[in-house]
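Results of the structural survey
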Amino acid sequence: MKKAELVFIPAPALGHLVPTVEFAKCLIQRDDRFSVTILVMESPLGGSAIPAFTKSIAESNTPIRFIHLPLVDFSPSQEVHKSVEKFITESIDSHKACVKEAIVKNVLSSSVSGSLAGLVIDMFCSSMVDVGNELGVPSYLFYTSSAAFLGLMLYLPIRHAQVGRGFEEFDGDLVIPCYVNPISSSGLPTVLLNKYGGYSSFLYHGRRFKETKGLIVNTFEELESHAVKCLKNDFDNVPPVYTVGPLIDLEGESDKLDSDEIMKWLDNKPDSSVVFLCFGSMGSFGEEQVKEIASGLEQSGIRFLWSLRKPPPKDKIAEPNEYTSGAQEVLPKGFLENTKEIGLVCGWAPQKQVLAHKSVGGFVSHCGWNSILESLWFGVPIVTWPMYAEQQLNAFQMVKDLGLAVEVRSDFRNTSGEVVLRDEIARAIKSVMDGENEVRRRVKERSEQSRLAVTEGGSSFAAFGRLIDEILRNKP
Ligand code: UDP
């Protein structure tokens, strides 16, 4: 009998593609009635991380078929700088015809392929529901951020119908379903305050999520019990929610890293004595901020491993680069020499390996959702330093709603020009590394829960089972 084939359409960003592939791997490992094809778009922002990642998965003999779509030449309605989210949404939209063609050619007209059971689409790919409709198959959302942020996106159309406008920075405290505490409008992510299409593209996606047959979220119920309950009970006509996480790619590490020096350095440090600083695939700082971080680290006296990368040129939205000179050009004079006994500065870091290391006791993070799930999995408490995307809300949720992180800032934006000062940095690092800090105990508890959730009998394992039944039931 032909397998039930799911076609995945992730957004062209590593933080979305990696958990999507992990979800696909879990699905085919769990149930051999499924086969998976992943359509890979080229990022309109450039970068080599995606091809390197898909190549490494393909070489590992994972039975997932990747189809690389050609870059579609689209005419953006405005410059990328005005709203990167709108730019990406438009770029993805322009792939609809070629997504359909790829599915018709490689799945529907192929004798070796399974029979098409549906599409699994990313949060930025909500317009692909149209392709599913044209092909007569259901679409499922695979959501790579938190259940709370999904709730916020679903709330946008409801709120918009009530107030008829987007958010203003000075709206004051906002009660937003799925978050426990009111959120100050000034702490909203930039995208929601953006008047050049950022807000409206999220409003659009939030509307379209309701047209799917299921909302699959990379989280676990015990972590976000309030948000999950709210998603299930407080919205009308919302598709069923499946919390299947944490889905973490524990085996793979990106090709580009040379982890030996880092791991060796960590090996001979005392347990839980090192703070790790790492700011995601797009995080970097200007020289002034780098100097404050360096001074904050020296001032704290805590051992550190710092992933420090060079910002792209000012007029470009792109991944940071590696410093060729070991970052000497931006660090304060004498810093590397003064701290050589206690610190190591590196470029791209093998984050999961580092977090898994027994010497690492704290994590200064930009609060990307994958990084949060990884930190919880390995039981390493976070100091929140959000930078872009929805990270300000992730930081808020971790500090205020869940009591699972220490704040250096929860409303920092990489575009704001503000600088976090050395004293604040030193204070937050010392606080998170303090063995008596209650946050450390809570994070350990969540770590155990996260592992239990995905094992047989756990909440995510059970939700995964319900999802499988539902996909097979909905199969045309
Ligand atoms: N990552 C890494 N090394 C780095 C920076 C990031 O391995 O130096 C990985 C990290 O482990 C995580 C992903 O890249 O899996 C980043 O995803 P996240 O959602 O945290 O942030 P994003 O990069 O999407 O903003």
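Note that this is a predicted model, so its numbers are computed, not measured. (Residues numbered from 1 in each chain as written. Predicted model: local features only at pLDDT ≥ 70, side-chain atom pairs only at ≥ 80, totals over all residues. Heavy atoms only, no water.)

1. Quick word on the overall build of the protein
Rule in force here: The helix and strand labels rest on DSSP assignments: H or I over at least four residues marks a helix, E over at least two residues marks a strand, and numbering proceeds from the N terminus. Here the radius of gyration uses the C-alpha set of atoms, whereas the globule reference equals 2.2 Å times the residue count to the power 0.38. Only protein chains enter the calculation, and the probe is 1.4 Å; a residue is then buried if its accessible area is under 20% of its type maximum, exposed if over 50%, and partly exposed in between. Method for areas: the Shrake-Rupley scheme with a 1.4 Å probe, in which residue coverage is limited to the protein chains shown. Positive: Lys, Arg. Negative: Asp, Glu. His and the chain ends are not part of the count. Lys charges are placed at NZ, Arg charges at CZ, Asp charges at CG and Glu charges at CD.
For the protein, the helix and strand inventory stands at 18 helices and 15 strands. A compact globule built from 476 residues should have a C-alpha radius of gyration of about 23 Å, and the protein, at 22 Å, falls within 12% of that. Counting only C-alpha atoms and orienting by the principal axes, one finds that the protein spans roughly 65 × 50 × 45 Å. Across the 476 residues that make up the protein, the buried fraction comes to 60%. Summed over all atoms, the accessible surface of the protein reaches about 19,600 Å², with 50% contributed by carbon and sulfur. Distance between charge centres in the protein, computed from 49 positive and 60 negative side chains, equals 2 Å.

2. Some words on the nonpolar core
Stated formally: Here, the term nonpolar core denotes a set of buried Ala, Val, Leu, Ile, Met, Phe, Trp, Tyr and Cys residues that are joined through side-chain atoms within 4.5 Å. Pairs of residues are marked as contacts when any of their non-hydrogen atoms sit within 4.5 Å.
By size, the foremost hydrophobic cluster in this structure holds 61 residues, and its most contacted members are Ile9 and Ile103. No other element matches the 9 residues that helix 6 (residues 147-163) contributes to this core. Look past the residues within four positions of isoleucine 9 in its chain and what remains in contact with it is Leu39, Met41, Val99, Leu119, Val120, Ile121, Asp122, Cys125 and Met128. Among the nonpolar cores identified, the runner-up in size contains 36 residues, and Val354, Trp369, Leu376 and Trp377 belong to it.

3. Here's the deal with the pattern of salt bridges
The following threshold applies: We define a salt bridge as a side-chain nitrogen of Lys or Arg found within 4 Å of a carboxyl oxygen belonging to Asp or Glu.
This structure, assessed with the given rule, holds 25 salt bridges. Ionic pairing is found between lysine 25 and aspartate 249, a salt bridge with its closest N-O pair at 3.7 Å. Of this pair, lysine 25 sits in helix 1 (residues 14-30) while aspartate 249 sits in the loop between strand 9 (241-243) and helix 10 (260-267), and the two are 224 residues apart along the sequence. For aspartate 249, a relative accessible area of 7% translates into the label buried.

4. Some details on the side chain of threonine 37
Basically, it comes down to this: Counting of polar contacts relies on pairs of N or O atoms within 3.5 Å, with two restrictions inside protein: one atom must be capable of donating a hydrogen and the other of accepting it, and residues adjacent in sequence are counted only when both atoms are side-chain atoms.
Of note, threonine 37 is situated in strand 2 (residues 34-40). In this structure threonine 37 comes out as buried when scored by relative accessible area, which is 1%. A distance of 3.0 Å separates the side chain of threonine 37 from the side chain of arginine 65, its partner in a polar contact. Non-local contacts of threonine 37, meaning those with residues more than four positions away in its chain, are made with Glu5, Leu6, Val7, Phe8, Arg65 and Ile67.

5. Details of the packing of helix 6 against helix 8 (residues 198-209)
Test applied: The axes are straight lines fitted to the C-alpha atoms, using for helices just the contacting stretch, and the angles between their N-to-C directions are given from 0 to 180°. Oblique is the label for any angle not under 35 degrees, not over 145, and not in the 65 to 115 range, which are roughly parallel, roughly antiparallel and roughly perpendicular in turn. Think of it as three bins: nonpolar holds Ala, Val, Leu, Ile, Met, Phe, Trp, Tyr, Cys and Pro, charged holds Asp, Glu, Lys and Arg, and polar takes everything else, Gly as well.
One way to put it is that helix 6 packs onto helix 8 with a least axis distance of 8 Å and a crossing angle of 100 degrees. With respect to helix 8, the axis of helix 6 lies roughly perpendicular. Within the contact between the two elements, helix 6 uses Phe149, Leu150, Met153, Leu154, Leu156, Pro157, Arg159 and His160 and helix 8 uses Tyr199, Phe202, Leu203, His205, Gly206, Arg207 and Phe209. Grouping the amino acids of the contact of helix 6 with helix 8 by side-chain chemistry returns 10 nonpolar, 3 polar and 2 charged.

6. Points about the pairing of strand 4 (residues 115-121)
The condition is simple: Strand pairing is assigned whenever DSSP detects at least two bridges linking the two strands.
For strand 4, the tally of buried residues reaches 6 of 7 residues, placing the bulk of the element in the interior. Bridge count between strand 1 (residues 4-9) and strand 4: 6 bridges; the pairing is parallel. Across the sheet, residue alanine 4 finds its bridge partner in strand 4, namely serine 115.

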